[in-house]
Amino acid sequence: MVISNIMMMYDENDERWFSLLVEDALVESNTRSIEDITRRLGDTTETGGMIMSDLKGQTEQLKRSVNKVVDTDEVLKESKKILDGMARSAATNKLTTALIILLELLMIFFIIWYKYLSA
């Protein structure tokens, strides 16, 4: 539209002037496109930087989580050892108690048997 208005103002035989105006309009359009692309590139770079920062933070958080899992695994292994020891102690205590009860029963049986034979 701007170009058609300019064409009306000048003689149609002056193609050189028209060509310069078209080239100037193209340069201006390309300049705006380059500025827009540059702006978008800056926005993209800024967004990429923020994403990289977030990813770095998440990486550190994952490393801390892995370390906590490893620490928890070590604590669980130690707890398992303690519980296994407690289970062995409980089994030993039950066996000891059963033997004591058996010995007491045998002693009572022999005392009753001895009293029965002596009477």
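Below, the discussion takes up the pattern of salt bridges. Here the structure, examined in full by the defined rule, presents six salt bridges. One salt bridge in this structure joins D36 and R39, with 2.5 Å as the shortest N-O distance. Highlighted residues: D36 and R39, both in helix α2 (residues 15–118), separated by three residues, approximately one helical turn. In this structure, D73 and K77 form a salt bridge, with 3.6 Å as the shortest nitrogen-oxygen distance. Taken together, the residues span about one helical turn, with D73 and K77 both in helix α2 at a distance of four residues. A network of salt bridges, in which partner residues are shared, links D36, R39, R40 and D43.

Moving on, we get to the packing of aromatic side chains. Going through the model one piece at a time under the given rule, you end up with two aromatic pairs. Ring plane angle 70° and centroid distance 6.4 Å describe the contact between F110 and W113, whose orientation is recorded as edge-to-face. One end of the pair, F110, and the other, W113, are both in helix α2, three residues apart, so they sit about a helical turn from each other. With relative accessibility at 45%, the residue F110 sits in the partly exposed group. Judged by relative accessible area, which is 44%, W113 ranks as partly exposed.

Let us look at a nonpolar patch on the surface. The grouping of L95, L99, L102, L103, L106, F109, F110, W113, Y116 and L117 at the surface amounts to a nonpolar patch, some 1,100 Å² of accessible area in total. For L102, a relative accessible area of 48% gives the class partly exposed.

Rules and cut-offs
Residues numbered from 1 in each chain as written. Predicted model: local features only at pLDDT ≥ 70, side-chain atom pairs only at ≥ 80, totals over all residues. Heavy atoms only, no water. Salt bridge = Lys/Arg side-chain N within 4 Å of Asp/Glu carboxyl O. Helix = DSSP H or I, 4+ residues; strand = E, 2+ residues; numbered from the N terminus. Phe/Tyr/Trp six-rings, centres within 6.5 Å; stacked < 30°, edge-to-face > 60°. Buried < 20%, exposed > 50% of the residue type's maximum accessible area, 1.4 Å probe, protein only. Patch = residues over 30% accessible without salt bridge, like charges linked within 9 Å, V, L, I, M, F, W, Y side chains within 5 Å. Areas by Shrake-Rupley, 256 points an atom, 1.4 Å probe, with all protein chains shown as cover.

Shape descriptors only; they carry no functional weight alone.
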